[in-house]
Amino acid sequence: MNIQSILADKIKQAMIKAGAEEHCDALVRQSGKVQFGDYQANGIMAAAKKLGVNPRDFAAKVLEQAELSDIAEKTEIAGPGFINIFLDRHWLADNLQNALKDSKLGISAVEKQTVVADYSSPNVAKEMHVGHLRSTIIGDAVVRTLEFLGHRVIRANHVGDWGTQFGMLIAYLEKMENEHASEMELSDLEAFYRAAKEHYDSDEAFAEKARGYVVKLQSGDEYCRAMWKKLVNITMQQNQHNYDRLNVTLTEKDVMGESLYNPMLPSIVADLKAQGLAVEDEGALVVYLDEFKNKNGDPMGVIVQKKDGGFLYTTTDIAAAKYRYETLKADRALVFSDTRQSQHMQQAWLITRKAGYVPDSFQLEHKNFGMMLGKDGKPFKTRTGGTVKLADLLDEAIERADKLIAEKSTALSTEEKAAVVEAVGIGSVKYADLSKNRTTDYVFDWDNMLSFEGNTAPYMQYAYTRIRSIFNKAQIDEATLAAANIQLSDEKERLLAIKLLQFEEAVQIVAKEGTPHILCAYLYELAGIFSGFYEHCPILNNDDEQVKLSRLKLALLTEKTLKQGLDLLGIKTVEKM
Ligand code: ARG
């Protein structure tokens, strides 16, 4: 259930009955302060102004019309015409019971959409680096959230698996295979790429061969195709290892690399030309966009085909957008990539729309993110200034988590400890990223993320285990608990109840905006409110059996919500720490 939208809808209906226009907005929000109620409607003043009536009088009329008797314990008109709403305890208790009974915690049914999520998207024969880490974990959290709400998600790992560099890579792979006879391991992709490039730059015969291979690969030559496939497979196997370690849901089946769109490009470019959108300019084909200006203030030219006939990153993204609408029948396509690609994405999609490849109703959304910075505020690098490999970063996370857990926990078996270290180490890296607003750069700081204090993975994971331990002590059977009533007599109980029922509001924002930090903030607040409740409201040593059971039910829904929420973020929980 979504309290905000239920109230918004009810108050809007009342506003219309009181004379407001069809498109009015009640502007219902969670209240920032307890004295303003649990929710407030801020849309009365604007609607009254349009009607030319006194806003407080209008608010009174709206409240007369509003059907809030079961939902609200009390309503009041405040200031110039705000409506404050205090939620009814019985209504809250009923909804908590529903949430407890439901495997999806009472979330409402959605109008099911097909959503393509383009994320992770590393490049072949290159090691995944920290930039891909952001795309991978933010994208995966949003994908999990969309699926939880009931949408159909198509994961599209837009791997950089095409382009002229493959001539050089194939030529080098061949050279390595000839020299070492045995199947190459290619364990260090970065070194492989560098060596290939060195040969290309210094050895003219090698370069010549490489250029020949580009042409052959593009015309479908079997040998080149097989060598190319080998490079893609080796890279994706290594990436899959990273995905598995990261607890990310991507598999090899989700690869939809740039090469997939390659066959579509000639006809797209021909069509853009036929439509008069693309024009020839010094041998290249260029689309001029009035919406983007170049340095001189003139319409910016976007090249869709180079002089030598080659296509570009933009051309591929035009084809990908078209394919996602036309072939995959999606309603929405999300791309998770660096903010520095924003202009590129907007241009590709503007051309896609101008060419009429997708209708206005098809949503194309760039879920951009900022850079990961070191503690010095500069782009995150190794001590020697190199790019940090994802695999090394994760190794370090495990090492550090091992130290943290050794200091903290004593009563764990070796296996339990290994599971905790893994959950905390990987969870910390993911949570640190997910909990920040993705659009800003963020500072990667081991000490902050591997801490039991603050909005961190260890704090959240520990909060979960604390509730688990209440149930281990309680030894209560499920049926007794299920049959019990929920009573919200204490204000701390009521506040916890409201927070629990706000889960869906947070989840829906994540699905719409692609902002997992909203869910992190929600879970962090929930854990804090639960702590306050737990300190103030005795549970197990309570003499009143009804109160005890009711409080256990609140604890149980908190436990389930924390676990579900962390699961949507791709963060593992453990039973004890
Ligand atoms: N491979 C690209 C990179 O490493 C990211 C691709 C993002 N997706 C897209 N459709 N352009 O930067």
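Residues numbered from 1 in each chain as written. Predicted model: local features only at pLDDT ≥ 70, side-chain atom pairs only at ≥ 80, totals over all residues.

1. Quick word on the overall build of the protein
Right, so step 1: Along the protein, the regular secondary structure elements total 21 helices and 13 strands.
Right, so step 2: Its C-alpha atoms give the protein principal-axis dimensions of about 85 × 70 × 45 Å. (Helix = DSSP H or I, 4+ residues; strand = E, 2+ residues; numbered from the N terminus.)

2. Focus: helix α20 (residues 516–536)
Right, so step 1: The end-to-end C-alpha separation of α20 is 31 Å, in line with the 30 Å expected for 21 residues at 1.5 Å each.
Right, so step 2: Residues of α20 that are buried: P516, H517, L519, C520, Y522, L523, L526, A527, F530 and F533. (Expected span 1.5 Å × (residues − 1). Buried ≥ 20, exposed ≤ 12 C-beta atoms within 10 Å, placed from the backbone.)

3. Quick notes on the pairing of strand β10 (residues 332–338)
Right, so step 1: When you tally the buried positions in β10, you get 6 out of 7 residues, the bulk of the element.
Right, so step 2: Inspection of the sheet shows strand β5 (residues 114–118) paired to β10 by 4 bridges, in the parallel sense. Bridging across to β10, A117 finds its partner in L334.
Right, so step 3: Pairing of β10 with strand β11 (residues 363–369), which is carried by 7 bridges, proceeds in the parallel orientation. Looking across to β11, one finds that A333 is bridged to L364.
Right, so step 4: Crossover handedness for the path β10 to helix α12 (residues 342–354) to β11: right-handed. (Pairing = 2+ DSSP bridges. Right-handed = clockwise from strand over helix to strand, strands pointing away.)

4. Overview of the sheet that holds strand β8 (residues 284–293)
Right, so step 1: The 3 strands lie next to each other as β7-β8-β9, forming an open sheet whose pairing is antiparallel. Only two strands of the sheet have a single partner each, and these edge strands are β7 (278–281) and β9 (299–305). Geometrically, the sheet is characterised by an average inter-axis angle of 45 degrees between neighbouring strands, direction not taken into account.
Right, so step 2: Sheet topology places β7 next to β8; 4 bridges connect them, and they run antiparallel. What sits directly across from D281, in β8, is A284. (Axes fitted to C-alpha atoms, helices over the stretch in contact; angles between N-to-C directions.)

5. A look at the packing of helix α6 (residues 165–180) against helix α7 (residues 189–202)
Right, so step 1: Closest axis-to-axis distance for the α6/α7 pair is 9 Å, and the angle between their directions is 100 degrees. Taken together, α6 and α7 sit at an angle that is classed as roughly perpendicular. Of α7, the residues touching α6 (which contributes M168, L169 and Y172) are A195, A196, K197, H199 and Y200.
Right, so step 2: When grouped by side-chain class, the residues that make up the contact of α6 with α7 number 6 nonpolar, 1 polar and 1 charged. (Parallel < 35°, antiparallel > 145°, perpendicular 65-115°, else oblique. Contact = placed C-beta atoms within 7 Å. Nonpolar A, V, L, I, M, F, W, Y, C, P; charged D, E, K, R; others polar.)

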